[in-house]
Amino acid sequence: MRLSSPIGCGLAFVLLSAAAPVLAHHGFAVEFDPKNPITLAGEVTKMEFMNPHIYLYLNVKGKDGKVVNWALEGSPPNVLYRQGWRKDTVKPGDMVTIKGYRARDGSHLAFCTTVTFPDGREIFAGPGSLAQSVYDSGTNNKK
């Protein structure tokens, strides 16, 4: 079969097109370290509820007293919407505690798995069972 035939070209196009979306999206383990769980508490400064992932920004006071603004990535809005989230579920000014995993590059970026409010309500920011199992596996590995 020659590659210049219409059937061969069409087949090559279909196969290459199907692989493109897979290459375009990063995986959790590429950017975040499942062996480095983190808990942050502070005030939400910004909430971006848009594709491809939500982002929360949180002012966190360090041990040295300096305030650092953390970026926290969550699941896509559609996934969270099906779990009960709305655009105003987390708002600027809210005081929250966030559990997640720190970025491998050591920046002030983390993957957010849960958000806990002062009244004790806890919501997942990742796919329900994944958020629980990923966080639990990270804490079990910690010595």
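Before reading further, recall that the structure is shown in the block above.
Residues numbered from 1 in each chain as written. Predicted model: local features only at pLDDT ≥ 70, side-chain atom pairs only at ≥ 80, totals over all residues. Heavy atoms only, no water.

Student: Can you break down unusual backbone geometry residue by residue, with the values?
Tutor: Note that the residue after Asn51, namely Pro52, is joined by a cis bond; omega there is 5°. Along the chain, the position of Pro52 falls in the loop between strand S1 (32-48) and strand S2 (55-61). (Helix = DSSP H or I, 4+ residues; strand = E, 2+ residues; numbered from the N terminus.)

Student: I'd love a proper account of the nonpolar core, names of residues and values included.
Tutor: Grouped burial of nonpolar side chains is what soluble globular proteins tend to show. One finds Leu56, Leu58, Leu72, Trp85, Val90, Ile98 and Val115 to be the most contacted residues of the largest nonpolar core, which totals 22 residues. Among the secondary structure elements, those contributing two or more residues to this core are S1, S2, strand S3 (67-73), strand S4 (95-103) and strand S5 (109-116). Here the element with the most residues in this core is S1; it accounts for 4 residues. The contact partners of Leu58, leaving out residues within four places of it in the chain, are Leu40, Ala41, Gly42, Glu43, Val44, Thr45, Val68, Asn69, Trp70, Leu72, Val96 and Ile98. (Core = buried A, V, L, I, M, F, W, Y, C linked by side-chain atoms within 4.5 Å. Buried < 20%, exposed > 50% of the residue type's maximum accessible area, 1.4 Å probe, protein only. Contact = heavy atoms within 4.5 Å.)

Student: Tell me about the pattern of salt bridges, residues and numbers included.
Tutor: Taken as a whole and judged by the stated rule, the model has 3 salt bridges. A salt bridge links Lys46 to Glu48, with the shortest nitrogen-to-oxygen separation between them at 3.0 Å. According to the relative accessible area criterion, Glu48 is buried, its value standing at 18%. Between Arg121 and Asp119 there is a salt bridge, with its nearest N and O atoms 3.1 Å apart. (Salt bridge = Lys/Arg side-chain N within 4 Å of Asp/Glu carboxyl O.)

Student: If you had to explain the environment of Met50 to someone new, which residues and values would you point to?
Tutor: Secondary-structure assignment places Met50 in the loop between S1 and S2. Note on Met50: relative accessible area 48%, which makes it partly exposed. For Met50 and Asn78, which are 28 residues apart along the polypeptide, the C-alpha to C-alpha distance reads 9.0 Å.

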